[in-house]
Amino acid sequence: MLGSFAVLRKQSLLGDAISHAALPGIAIAFLITGAKDTNTLLLGALVSGLIGTFWIRGIITKTHLKSDTALGLILSLFFGFGMLLLTFIQKQPNANQAGLDKYLFGQAATLVERDVWMMAIVTGICLIVMLTFWKEFKILLFDADYTKTLGFNTKTIDILITSFIVLAIVLGLQTVGVVLMSAMLLAPAAAARQWTNSLSVMVFLAAIFGAFSGVFGTAISATQNNLSTGPVIVLVASVFVVFSFVFSPSRGLLFKQIRFIKNRRDLELHKTLAFMYHIAESHENISHPHTVRLLNNFQGYTKSTLQKLVDKQYVELNGNMWNLTKKGFETAANLYTKQTTDDE
Amino acid sequence: MKQEIAVKVDDLTVAYNYKPVLWDIDLEIPEGVLMAIVGPNGAGKSTLIKAILGILKPIAGSISIYGKPYEDQRKLVAYVPQKGSVDWDFPTTALDVVMMGTYGSLGWIKRPGQKQKKAALEALEKVGMLPFKNRQISQLSGGQQQRIFLARALVQDASIYFMDEPFQGVDASTEIAIINILKALRKAGKTVIVVHHDLQTVPEYFDWVTFLNVKKIATGPVKDIFNDDNLTKTYGINYKVSIQE
Ligand SMILES: Nc1ncnc2c1ncn2[C@@H]1O[C@H](COP(=O)(O)OP(=O)(O)O)[C@@H](O)[C@H]1O
Ligand SMILES: [Mg+2]
């Protein structure tokens, strides 16, 4: 759902950076409190995720670095630091140490009822905020400079959006883990974009795709003993993406290809008809028969195009001879004038 | 006759990072003119508009709109950004984009209602885009997208209009439609400031002109200052041939 905003901002890497940035937070929270309590650890993740995000912003505005570079930098810095801490924790003679690595790849099976409630509540809050500031989010995403001239504090809107993306990521960490989190954030949104041209529908679809991936992925992994949930969920979401990219009616590859082939066929047909028209024009009587061989000189002519023209009653065939019908002649004449006006 | 000053720029200097892009600009734009800002690519034309509108923070200098800072006079000002500055693949419709022009007067959280929709439809009508109101913006031609941007500014119902290259990449009929709207605005007493690229059409379209190339070269009535001397100073090459056909 919130992924929609990330996708539209062309900040796909941001999700990646944030989730990786959350890792040291988890480790530090564990080191400080020694507890494995989920809320404490996620709080740590939230704090370090936010720090990472605002560092990225700072780097982008204060230096010449491109945003990709800044994101990559923070991503590897925080992740490296987080892994270092995890290794350090694992070397400690502390019985509690296990269970932290679940945040790497996620482990939905460890979710308890309370966690689920927590997720539901936070999702609810996100939803309310999103509906409240819908207008502001939309205009900022479309045209930030213009938004500023209208008197909106774009920084506030921006921080709001970013904070929610961070929050969503941190919550999802437990389920799908640091490594796959950004895929989970972006996949439903990318899939949804293929099906619609409306922002509200896109966000709605993304939420459905995301929820469905979660439920379906969990169900699949439950049937198999050693399938961990997180990766399966992400896999299901990816299936949505692939399916959407191929089959979406307006933007999908399949329909584009079909349209392309169809357009080319039409064009071939038109060209052949135009060629016949030229030949017919040189005779007083338009339906004067000509030999089929005459057409062989024309590139793009095939037996099937001729047959199609016959089917459309543009052309009559008699053995090896063809002639244009009145209908065919008129169509071709119109085609001809249309083409010349298009060329201007 | 003493004209009121609509926009006043004092000692404005703007830089991205450390390289100054505008240097010590002083500019007074009288009320009711249709003014072109001309200058080569990278001269800082867009930057000047963005600085006046508070999108960019200048290093030095001050801006006033009818004698007060821009923040107090926002409602008097409308902006048409360069068309290339937004992603036209964004999932939204023509009407939706024009409606954005009403967001400023709505303020935070409040949603546009019937009144705003009516204003947006009227603006679409003015730019001849009413039949396309529900069209996805990515499926509009360049000229149509430009008209949508213009309609969004018209909805703001301002006194001063800033437009960044509204004629860029539009066909002849759109160009005529746009210039007619601009002239109608001037006739209604509005002040219109346009970043313009086609020097040939300056005398025909505009009555005021500012030459800009990092520094301000000249500003004033077209009939007085639109000459080879200023063109050469601005563009660095001799423009005699191209202008005096
Ligand atoms: N966001 C930016 N960051 C850094 N430099 C910029 C930025 N925008 C514009 N510039 C530079 O500032 C100068 C003026 O740009 P601009 O105002 O867009 O010129 P114009 O609109 O007259 O073509 C150019 O040299 C351009 O490269
Ligand atoms: Mg520019």
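Note that the coordinates shown come from a computational prediction; the quantities given were computed from them, not determined experimentally.

*Asks:* I'd like to hear about the overall build of chain B, residue by residue, with values.
*Replies:* Of the regular secondary structure elements, chain B holds eleven helices and nine strands. With respect to the principal axes defined by its C-alpha atoms, chain B has extents near 50 × 45 × 40 Å. Expressed as a percentage of its 245 residues, the buried residues of chain B come to 53%. Taking the intrachain contacts of chain B between residues at least 6 apart in sequence as the baseline, contacts between residues at least 24 apart amount to 67%. Carbon and sulfur atoms form 50% of the exposed surface of chain B, whose accessible area is close to 11100 Å². On chain B, the mean spot of the 29 positive side-chain charges and the mean spot of the 26 negative ones are 6 Å from each other.

*Asks:* Give me the lowdown on the pairing of strand β7 (residues 191–195) of chain B, citing residues and values where you can.
*Replies:* A regular strand places its side chains so that they alternate between the two faces of the sheet. Residues and elements named next belong to chain B. With respect to burial, β7 is a largely interior element, five of its five residues being buried. Side chains Thr191, Ile193 and Val195 project from β7 onto one buried face, and the interleaved Val192 and Val194 project onto a second face that is buried too. Bridge count for strand β3 (residues 34–38) against β7 is four bridges, and the pairing is parallel. Residue pairing across strands places alanine 36 opposite valine 194, the latter belonging to β7. As defined by bridge partners, strand β6 (residues 160–164) adjoins β7 across five bridges and the pair is classed as parallel. Along β7, the bridge assignment pairs tyrosine 161 with valine 192. A crossover links β6 with its parallel partner β7, the connecting element being helix α7 (residues 172–187), and its sense is right-handed.

*Asks:* Explain the side chain of Thr201(B) residue by residue, including any values.
*Replies:* Residues and elements named next belong to chain B. Its location among the elements puts threonine 201 in the loop between β7 and α8 (202–205). At 2.8 Å, the side chain of threonine 201 forms a polar contact with the side chain of histidine 196. Contacts of threonine 201, omitting those with residues within four sequence positions, involve Glu175 and His196.

*Asks:* Describe helix α6 (residues 142–155) of chain B, with residues and values.
*Replies:* Residues and elements named next belong to chain B. With 14 residues, α6 extends 20 Å from end C-alpha to end C-alpha; this agrees with the ideal 20 Å at 1.5 Å per step. The element α6 is extensively covered by neighbouring structure, given that 13 of its 14 residues are classed as buried. Of the residues trailing α6, aspartate 157 is marked for its positive phi of about 50°.

The rules we used
Residues numbered from 1 in each chain as written. Chains lettered and ligands numbered in written order. Predicted model: local features only at pLDDT ≥ 70, side-chain atom pairs only at ≥ 80, totals over all residues. Heavy atoms only, no water. Helix = DSSP H or I, 4+ residues; strand = E, 2+ residues; numbered from the N terminus. Buried < 20%, exposed > 50% of the residue type's maximum accessible area, 1.4 Å probe, protein only. Contact = heavy atoms within 4.5 Å. Areas by Shrake-Rupley, 256 points an atom, 1.4 Å probe, with all protein chains shown as cover. Lys, Arg positive; Asp, Glu negative; His and termini not counted. Charge placed at Lys NZ, Arg CZ, Asp CG, Glu CD. Pairing = 2+ DSSP bridges. Right-handed = clockwise from strand over helix to strand, strands pointing away. Polar contact = N/O pair within 3.5 Å; in protein donor to acceptor, adjacent residues only side chain to side chain. Expected span 1.5 Å × (residues − 1).

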